[in-house]
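Spelled out from the first residue to the last, the chains are:
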Amino acid sequence: MSKAFASQADLDDKKTTFEQLSPHCWAYTAEGDPNSGVIIGDKFIMVSDATATPAMARDLIQQIRTVSDKPIKYVLLTHYHAVRVLGASAYVAEGATEVIASRGTYELIVERGAQDMQSEMERFPRLFRGADSVPGLTWPTLVIGDGKPGRQGSLTVDLGGVKVEIWHPGQGHTRGDTIAWVEEEKVLFSGDLVEYEAGVYTGDAQLEEWPATLEALRALKAEAIVPGRGEAMKGRADVDKALDYTQRWVTTLFQAGKEAAAAGMDLKTAMAHTRKSMDPVFGHVFIYEHCLPFDVSRAYDEAKGIKNPRIWTAERDQEMWAALQS
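What counts, and at which threshold
Residues numbered from 1 in each chain as written. Predicted model: local features only at pLDDT ≥ 70, side-chain atom pairs only at ≥ 80, totals over all residues. Heavy atoms only, no water. Core = buried A, V, L, I, M, F, W, Y, C linked by side-chain atoms within 4.5 Å. Buried < 20%, exposed > 50% of the residue type's maximum accessible area, 1.4 Å probe, protein only. Helix = DSSP H or I, 4+ residues; strand = E, 2+ residues; numbered from the N terminus. Contact = heavy atoms within 4.5 Å. Axes fitted to C-alpha atoms, helices over the stretch in contact; angles between N-to-C directions. Parallel < 35°, antiparallel > 145°, perpendicular 65-115°, else oblique. Nonpolar A, V, L, I, M, F, W, Y, C, P; charged D, E, K, R; others polar. Pairing = 2+ DSSP bridges. Salt bridge = Lys/Arg side-chain N within 4 Å of Asp/Glu carboxyl O.

How would you summarise the nonpolar core if you had to cite specific residues and measurements?
Side chains of nonpolar character tend, in soluble globular proteins, to be buried together. Among the nonpolar cores identified, the biggest contains 48 residues, and Leu188, Val194, Leu207, Trp210, Leu217 and Trp249 are the most heavily contacted of them. Only β10 (179-182), α4 (210-218), α5 (236-262), α6 (267-282), α7 (288-303) and α8 (314-324) provide two or more residues apiece to this core. The greatest single-element share of this core, amounting to nine residues, is contributed by α5. What Leu188 contacts, discounting residues up to four positions off in sequence, is Ile179, Ala180, Trp181, Leu217, Leu220, Ala222, Ala224, Ile225 and Val226. Grouped together as the second largest cluster of nonpolar side chains are 34 residues, Ile61, Ile72, Leu86 and Ala90 included.

This is the structure:
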């Protein structure tokens, strides 16, 4: 019998937490659901990752309004995935005038945003309740960098009393991953480049480059991090714990993919081979069974030389799932 597709059986609401990490930085987390970060200045507010729908965004806005009435002027897209970006329209009424993304993220929206939107809505029915309120794809108003990694293409935004540096540190979860860094308070908003005790989705990843990008983040010596999923981590040791967790997932997965490709395994056999190393370590975490088939598919492809991830469509999702999760 096939397992329920992706997260279609995950219909129970999660408890959300709005937690202050430093004088200006907050984490909005939800028991393994996608997180958002909030940076509150004396003049303006920035939200990092806009949530899946305007309805979900309004819950975050309500939390923000318990501590500040300043305009939410900036919305940062850490990457292009629908579950992170389609709530952006809700912030317009709160003062949003700038939606920020990297050059790589913009290009991915152009290349595959529409397919990803349909795909993710079918994967995550609970997160996309009220999807009829989504006006369409979220497009950045401000595109930063030239697609090359590093701080030379960074943007610094002054929110009043706190500055936020935004740049593409390297490829990993996607080829356009973008972070927000509040250096004065040592708080990092990583998007899905970093996860903790939750599935690490790698269906659109650059697995070979990801570990080096994680080391670039480690070099910042953050004292707090808002990962893409999982609890916010406080203190250098716990930040490193999240980085180590993500790196172990990525390297274990990709090693299994390379072994499968070298041995000439088919994809279903590669899935069984990957489970031998992944299940004992990660099998208990949130959305593990959702992520693993997509992850194995991507690791197998990249190991066989497909550097640009194949586009996931709703049809491809279902075909892959039937083949690997039966």
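Any chance you could break down the side chain of Thr202 for me, citing the residues and the numbers?
Take Thr202: it is sitting in the loop between β11 (187-191) and α4. On the accessibility criterion, Thr202 (0% relative accessible area) is buried. Thr202 has contacts with Leu207, Trp210, Trp249, Leu253, Asp295 and Arg298, leaving out every residue within four places of it along the chain.

Explain the packing of α7 against α8 to me, using residue names and the numbers behind them.
α8 packs onto α7 with a crossing angle of 100° between their chain directions and a minimal axis gap of 10 Å. Considering their axes alone, α7 and α8 lie roughly perpendicular with respect to each other. For the pair α7 and α8, the contacting residues are Glu289, His290, Pro293, Phe294, Ser297 and Asp301 in the first and Arg316, Asp317, Met320, Trp321 and Leu324 in the second. Considering only residue class, the contact of α7 with α8 consists of five nonpolar, two polar and four charged.

Give me the lowdown on the sheet that holds strand β4 (residues 45-48), citing residues and values where you can.
One open sheet accounts for seven strands, arranged β1-β2-β3-β4-β5-β6-β7; its pairing is mixed. For this open sheet the edge positions go to β1 (17-20) and β7 (142-144), each flanked by a neighbour on one side alone. Taken over all neighbouring pairs, the strand axes of this sheet differ in orientation by 20° on average, direction set aside. Inspection of the sheet shows strand β3 (residues 33-40) paired to β4 by four bridges, in the antiparallel sense. The partner of Ile39 across the bridge, within β4, is Met46. Each of β6 (98-102) and β7 touches helix α3 (residues 103-123); the most contacted strand, β6, lies at about 95° to it.

Which residues make up the environment of His273, and what are the values?
Turning to its location among the elements, His273 is positioned in helix α6. Sequence separation between His273 and Leu292 is 19 residues, and the spatial gap between their C-alpha atoms is 12 Å. Residues contacting His273, with those up to four places away along its chain left out, are Ala256, Glu259, Ala260 and Met265.

Kindly report on the pattern of salt bridges, identifying the contributing residues and their values.
Applying the stated criterion across every chain yields a total of 27 salt bridges. When the shortest N-O distance is used, the salt bridge between Arg65 and Glu94 registers 3.0 Å. In this pair, Arg65 is assigned in the loop between α1 (54-64) and β5 (74-76) and Glu94 in the loop between α2 (82-85) and β6, connecting sequence segments 29 residues apart. The partly exposed category is assigned to Arg65, whose relative accessible area is 29%. For Glu94, a relative accessible area of 23% gives the class partly exposed.

Report on the sheet that holds β11, specifying residues and quantitative values.
In a beta sheet, neighbouring strands are held together by backbone hydrogen bonds and run either parallel or antiparallel to one another. The sheet built from six strands is open, its strands ordered β8-β9-β10-β11-β12-β13 with mixed pairing. A strand with exactly one partner marks an edge of an open sheet, and here the two such strands are β8 (155-158) and β13 (233-234). Sheet analysis places β11 next to strand β12 (residues 224-227), joined by four bridges and oriented parallel. Counted as the bridge partner of Leu188 is Ile225 from β12.

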